[in-house]
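Here's the letter readout for the chains.
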Amino acid sequence: MKRRNQFIIAALSSLLFLSIGLTSKAKAVSNTHQVVVNIAFKPTSETNLTNYVYSTVDPNSINYHHYLTPKQFAQKFGEPNAYLSMFKEYLHKRHIRTAVYRGNLALKLRGTQNNMDRAFHANYHPRKGTPSRTTYRLPAKLAKQVVAVIGLYTGKPTSKRTAHSKTALGHKPNTALLPDAFSKKYGPLKFANHYQLTSLYDNGLEGQGQRIGIISDSIVHNQDLKIYWAQNGIHDNPNRIHRIYTIDNRKAMQKESKIGGTIPKTEAALDVESASSVAPKADIDIYSGYSNNNLTSLPSAYYTSFMQAISNDLDHQVSTSYSPAIESLGGWDDHSATLANYNHALNLLLEQAATEGITVFQASGDSGPYAMGGLKEQHSFSTSPYQVIVGGTTLPYTQKIHHKTITVTKERALGDIDHPSEPVFGGFYEILKGIFHGSGGGFSALNPTPRYQQGIPGVNTFRAITLLNYRPQTHLYTINPHPKILTGTHTGRNLPDVSGNADKQTGYATYFSSDMSTGSDSKGKPILKKYWLIGGGTSYTSPQMAAANAIMNSGRTTSIGFWNPQIYKFAQQTDTPFNPLNDANNNNNLFYTGQPGTLYNQATGLGTINFDKLYQDFNNQDASHHLPDK
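The rules we used
Residue numbers here run from 1 along each chain, matching the order of that chain's written sequence. Where totals are concerned, whole chains, interfaces and linings use all residues; where local detail is concerned, this predicted model gives features only for residues with pLDDT of at least 70, and gives and counts side-chain atom pairs only at 80 or more. Only hydrogens and water are removed before side-chain values are computed, so all heavy atoms of the structure are retained for them. Only DSSP runs of H or I covering at least 4 residues are called helices, and only runs of E covering at least 2 are called strands; the numbering of each starts at the N terminus. Counting of polar contacts relies on pairs of N or O atoms within 3.5 Å, with two restrictions inside protein: one atom must be capable of donating a hydrogen and the other of accepting it, and residues adjacent in sequence are counted only when both atoms are side-chain atoms. Contacts were defined at the residue level, with two residues in contact if any of their heavy atoms lie within 4.5 Å. Each residue is assigned to one of three classes by its accessible area relative to the maximum for its type, calculated with a 1.4 Å probe on protein chains only: buried under 20%, partly exposed between the two thresholds, exposed over 50%. This arc corresponds to the set of directions leading from the helix axis out to the C-beta atoms. For every element, the axis is a line fit to its C-alpha atoms; helices are fit only across the contacting stretch, and the angle between N-to-C directions ranges from 0 to 180 degrees. In this scheme, roughly parallel covers angles under 35 degrees and roughly antiparallel covers those over 145, while 65 to 115 is roughly perpendicular and the rest are oblique. Handedness of a crossing follows from how the near helix is turned relative to the far one, being left-handed for an anticlockwise turn of less than a right angle and right-handed for a clockwise one. We call Asp, Glu, Lys and Arg charged. Ala, Val, Leu, Ile, Met, Phe, Trp, Tyr, Cys and Pro are nonpolar, and the rest, Gly among them, are polar.

Q: Explain the side chain of Ser-559 here, please?
A: By secondary structure assignment, the location of Ser-559 is in the loop between helix H14 (538-553) and helix H15 (563-570). Within the structure, the side chain of Ser-559 is placed 2.9 Å from the backbone oxygen of Gly-357, a separation counted as a polar contact.

Pasting the structure below:
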């Protein structure tokens, strides 16, 4: 059974690009092997659901900040209990355990592969050159409300299992600095000072009473967090870190961390360290969804973790920096759900999040508009309009890199063609030429232009420069000696929405320990290798934004909720909280550039944020809302 064949860490790729191909023969999965499958359902009315989502952040609506509990969502938009009971009874008779996610938009199933095949009348269809498919058939009375069956596999493919990750691990920070100086140079104060979050700290807002959800694929060691916090002058303890295992249990996840290696663990560490340090009094919930035992597909695990977080309704802000795929059929790795159906299911669960007042942040990725295969507009998935997609910038700096002095005079879009990236982690890998990093941005192939982007100057128009040429023989890029300027129009959900510092040259420190060690102590336990590194990527920026949201929420009586309709409105104000970064020159994400005179561009979205002003705008909007007299 082919599992997890595309794992994209959406933002680690700009820590320094390192492409790793991990290949192993696919294990034949027996019919008695336990598997996890998700069934996503339609809401009672998708139009009404979408309208309600928008009304929760419309100060002219009676529903403004009238957020729903999962129980209320189920009553208003979820499938009726009677329908779900029919489904559960049908599956129970076929020895499959079921659990309803709170909100009644999905079921989580566990059972043997053989019982799943029988219950769904599943058939495996291998295909050459395109992803294989598993077709299924359900009784008509059950099938009519199904959006997607996610994670259902059958058959025993003989192809090799390949995991592709992109990451990069950079130089070491100066740990001899005092904590305050370290934090300002490499840590949370660097983010807070540059994006005007410190004034909220000065008013006593540190995330108290808030929880931040991190959708992850690995685990984090408490000792790593203690060392990181201490180095940044944060006096804390791991009791505010809560681990939720959405597929495998704790024991299996710990086993995975020793087998699965460094890249997912580094991602998990930087996500938690970034969020917990920017919001030092917020609790962190880590939803870890990897399956060491081949229980389900990566898209299914991703969906499970998100739906679990939204069903729990504990976190008013959720962030993820990894993606289960890209917006391309060639990169899709779930046999039973098509890419379009999965996107539909994901949009619905994110709409449920919005009705609950949850703000979701997604890293845009670090390959510009390129993800794989040299093709443009293959973005890290998902590009849902119901989340804040966070792009990357680089701060001003002057450094000598490869005997060449590089100078950036002002904050600009992350798009680095001055030098290809080099993996230097541990010295294990040779320098790779021809891999460049830039802020993910462009136009979604799956989602149309959402209503909050329509009419915004710069949306659905673009300016671009052909900086790179793709070499299919080597799967690498070369600098185009004769770049051309392109302008035009396009359609689709424009991304990103906002941006922040994500360049490894101006990046942040991360500390983590790796279980991939060659030695052991006197008791036979592995000696963990310990690493400090300076990294970049929207992997950092997304959890930082979620933490900033927690800071703002800690000073409010109701959560901010669905950002996007609100921030696009604020961007049109005279005293905007955004710096649009719309210069056309020396300001690109490897393809898209700024657009002078506009509010939006596909390199950095609305731009960077002044959180002091943004917080005031959210509060001023609250003051403008008046409930009608009863």
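Q: Explain the environment of Arg-412 to me, please; I cannot follow it from the model alone.
A: Relative to the helices and strands, Arg-412 is located in strand S21 (residues 412-413). For the pair Arg-412 and Asn-586, spaced 174 residues apart in sequence, the C-alpha separation works out to 7.6 Å. Arg-412 has contacts with Thr-393, Thr-394, Leu-581, Asn-586, Asn-587 and Asn-588, leaving out every residue within four places of it along the chain. Polar contacts involving the side chain of Arg-412 include one to the side chain of Asn-586, which spans 2.7 Å.

Q: So what exactly am I meant to see when it comes to helix H6 (residues 179-186) here?
A: The periodicity of an α-helix, 3.6 residues per turn, causes residues three or four positions apart to be oriented the same way. Within the span of H6, buried status applies to Phe-182, Ser-183 and Tyr-186. End-on view of H6: buried residues confined to an arc of 100 degrees, all on one side of the axis. In this structure, the buried side of H6 is in contact with helix H7 (188-194), helix H9 (222-231), strand S31 (508-514) and strand S32 (529-535).

Q: Help me out: how do you make sense of the packing of H14 against helix H16 (residues 611-624) in this one?
A: Between two packed helices, both the angle of their axes relative to each other and the distance between the axes serve to describe the pair. Closest axis-to-axis distance for the H14/H16 pair is 11 Å, and the angle between their directions is 50 degrees. Accordingly, the angle class assigned to the pair H14 and H16 is oblique. In this structure, the crossing between H14 and H16 has a hand that is right-handed. Seen from H14, the contacting residues are Met-545, Ala-548 and Met-552; seen from H16, they are Phe-611, Leu-614, Tyr-615 and Phe-618. Each residue belonging to the contact of H14 with H16 can be placed in one class, and the counts come to 7 nonpolar, no polar and no charged.

Q: How do you make sense of unusual backbone geometry when you look at a structure like this?
A: In most cases, non-glycine residues show a negative phi, while peptide bonds are predominantly trans. The omega torsion across Leu-495 and Pro-496 is 5 degrees, close enough to zero to call that bond cis. Tracing the sequence through the fold places Pro-496 in the loop between strand S29 (494-495) and strand S30 (498-501). Phi angles above zero are rare outside glycine, and Gln-196 is one such case at about 55 degrees. Inspection of the secondary structure assignment puts Gln-196 in the loop between H7 and helix H8 (198-202). Relative accessible area serves as the criterion here: at 30%, Gln-196 is assigned to the partly exposed category. For Asn-460, which is not glycine, the phi torsion reads 65 degrees and is therefore positive.

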